[in-house]
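Observations on chain architecture
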Amino acid sequence: MCGLGIGWRLAQAGCRVDIFDKGAIGRGASHAAAGMLATGVETEPGELALLQLNLRSQRAWPAFAGEVEAASGRDIGYRGDGTLVIALTRDDERHLRFLHDFHRGAGVDVALIGGGEARQREPYLNPRIPAAVWSPNDHQVDNRALTAALAEAAARAGARLHPDSAVEAVGIGDSRAAGVVVAGETVPADAVVLAAGAWSRTVGGLEPAALPPVRPVKGQMLALQMDPDAPLLCHVLWAPGVYLVPRRDGRLLIGATVEEKGFDDTITAGGQYALLDAAWRALPGIEELPIAETWVGFRPGSRDDAPILGPGPVDGLVYATGHHRNGILLAPVTADLVSRFVLTGALDPALAPFTLARFDPAVEPGPAALAAE
Ligand code: GLY
């Protein structure tokens, strides 16, 4: 999806753009995600530099959504309803208060509210909630609709999409990236953007120092089907051990496990049970709902869980990977700033903390990365 956004911007600027995907277009983490634009509730202590980038992208989202919809003629399900985070026990409440203070101190607009006020916003919540945090700027988008819309927008702008076309290697000529090798053929290019998500280390042709330290972080999810005319939930909800994301069509997404198991795509009883149990504790009425879908995705996790953006050691090779939990949130800023770097060679200061140079290439990201299939 990051590749689609960057490709769209480059095509808009008049470049000849080819976008290669090893499977169907946009079927990686962006298809598996929940579409939360969660700067306020998903940033953790230790991620202050990332928080600034997240906030910038969050501010860009409303205009970006409008632009993608206009350019594609598709609805991407952007919902500006805010997000609720609930505690279920006094212990959870202490954690919630800590996170609230951290986020407020970092400049995020969040408010502590009582359990009664939380239930006014969401009447079907567990009545025992002692406290909640209201995050008015954390919205959502339908990530699958977004991916389809970005593909359409990119194609309409002139980009050529190549599904089922795995990039085997980055072609190097005169010590710089000179194209990509697909099905044994070299496709020449002035610049190559490596945006292969959790698979970004599997591309050939690069020295170890040029391989981004990205590993797959498995997430299991499921969707229940609510009655769209009488939904059990109207806002994105975070509860201990789970998040729930209601879509306009009544689908209720429940996620997600965080598993360091390489590219293992098994859907397990334990993973699904943990999600359903945590979701049921927050919203007991879900037990009546049919299960519509279960799936697994692979977050591209870098060694510090922040994205890898911009230039690296090979001229002409540009990175847009390692977005971990924030790929959909960071879509606007990734598309805009990485495409600008490709076009002008000027690195926006906001990207400076996120280049590949911050890693010691001698250190492997973890054994999981080596299990790439
Ligand atoms: N951003 C949601 C997740 O990573 O599960």
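See the structure above.
Read on for a plain summary of the structure. Source: prediction; values computed, not measured.

Digging into the nonpolar core
- Counting residues in hydrophobic clusters, the biggest one holds 40 residues, and the most contacted among them are W61, F64, V68, I76, V141, L146 and L150.
- Counting residues per element, the ones that place at least two in this core are α1 (2-12), α4 (48-72), α7 (143-156), β18 (317-321) and α9 (331-344).
- Residue contacts for I76: discarding those within four places in its chain leaves W61, A65, V68, E69, V141, D142, A145, L146 and A149.
- Within the second largest apolar cluster, 27 residues are counted, among which are I86, L125, W134 and L224.

Focus on the site of the ligand
- Residues in contact with the ligand, as listed here, are M36, E42, Y243, A256, R299 and R325.
- Alone, the ligand offers 200 Å² of accessible surface; in the complex the protein occludes 88% of this.
- Grouping the amino acids of the shell around the ligand by side-chain chemistry returns three nonpolar, no polar and three charged.

Some words on the packing of aromatic side chains
- Applying the stated criterion across every chain yields a total of seven aromatic pairs.
- Each ring, one from W61 and one from F64, has its centre 5.3 Å from the other, and the planes form 85°; the classification is edge-to-face. You can see W61 and its partner F64 sitting in helix α4, three residues apart, about one turn around the helix.
- Since its relative accessible area comes to 3%, F64 is described here as buried.
- On the numbers, 6.0 Å between centres and 10° between planes, the contact of W61 with Y78 is stacked. Taken together, the positions of W61 in helix α4 and Y78 in the loop between α4 and β3 (83-86) put the pair 17 residues apart, joining distant regions of the chain.

Brief notes about the sheet that holds strand β17 (residues 308-311)
- Overall, mixed pairing links the three strands, which are arranged β11-β18-β17 in an open sheet. In this open sheet, the two strands that pair with only one neighbour each are β11 (192-194) and β17. Strand-to-strand, the axes of this sheet are offset by a mean angle of 20°, without reference to chain direction.
- In the sheet, β11 pairs with β18 via three bridges, with the strands oriented parallel. Residue pairing across strands places L194 opposite Y319, the latter belonging to β18.

Some points on the state of the cysteines
- Scanning all chains against the criterion turns up zero disulfides.
- In this structure C2 is not part of a disulfide, and its nearest cysteine sulfur, from C15, lies 18 Å away.
- Taking relative accessible area as the criterion, C2 reaches 13% and is therefore assigned buried.

Thoughts on the sheet that holds strand β5 (residues 131-135)
- Read from one edge of the open sheet, eight strands run β4-β5-β3-β13-β14-β15-β12-β16, paired in mixed fashion. Both edges of this open sheet fall to β4 (111-114) and β16 (291-302), since each of them pairs with a single strand only. Ignoring which end each strand starts from, the neighbouring axes of this sheet average 25° apart.
- Where β3 meets strand β13 (residues 236-239), three bridges bridge the pair, whose relative direction is parallel. Bridge pairing in β13 links V85 to W238.
- Sitting on the sheet, helix α5 (residues 90-105) is in contact with β3, β4 and β5, with an inclination near 30° to β5.

A look at the side chain of D138
- Assignment of secondary structure puts D138 in the loop between β5 and β6 (139-140).
- Buried and without a salt bridge, D138 has R59 as its closest oppositely charged side chain, separated by 11 Å.
- At 3.1 Å, the side chain of D138 and the backbone nitrogen of T39 are in polar contact.
- Here the side chain of D138 touches Q58 through a polar contact of 2.7 Å, side chain to side chain.
- Not counting the four nearest positions on each side in its chain, D138 is found in contact with L37, A38, T39, G40, V41, Q58, G82 and T83.

Digging into the pattern of salt bridges
- Counted under the stated rule, the structure contains 23 salt bridges.
- With a shortest N-O distance of 3.8 Å, D305 and R215 are connected by a salt bridge. Linking D305 in the loop between β16 and β17 with R215 in strand β12 (residues 214-225), this pair joins segments that are 90 residues apart in sequence.
- Classification of D305 by relative accessible area gives partly exposed; the value is 25%.

Description of unusual backbone geometry
- Between G255 and A256 the backbone carries a cis peptide bond, its omega angle lying at -20°.
- Even without a glycine there, the phi angle at S175 is positive, about 65°.
- Structurally, S175 is set in the loop between β8 (167-173) and β9 (176-182).
- The class of S175 is exposed, set by a relative accessible area of 66%.

Procedures and definitions
- Residues numbered from 1 in each chain as written.
- Predicted model: local features only at pLDDT ≥ 70, side-chain atom pairs only at ≥ 80, totals over all residues.
- Heavy atoms only, no water.
- Core = buried A, V, L, I, M, F, W, Y, C linked by side-chain atoms within 4.5 Å.
- Buried < 20%, exposed > 50% of the residue type's maximum accessible area, 1.4 Å probe, protein only.
- Helix = DSSP H or I, 4+ residues; strand = E, 2+ residues; numbered from the N terminus.
- Contact = heavy atoms within 4.5 Å.
- Near = heavy atom within 4 Å.
- Areas by Shrake-Rupley, 256 points an atom, 1.4 Å probe, with all protein chains shown as cover.
- Nonpolar A, V, L, I, M, F, W, Y, C, P; charged D, E, K, R; others polar.
- Phe/Tyr/Trp six-rings, centres within 6.5 Å; stacked < 30°, edge-to-face > 60°.
- Pairing = 2+ DSSP bridges.
- Axes fitted to C-alpha atoms, helices over the stretch in contact; angles between N-to-C directions.
- Disulfide = S-S within 2.5 Å.
- Lys, Arg positive; Asp, Glu negative; His and termini not counted.
- Salt bridge = Lys/Arg side-chain N within 4 Å of Asp/Glu carboxyl O.
- Polar contact = N/O pair within 3.5 Å; in protein donor to acceptor, adjacent residues only side chain to side chain.

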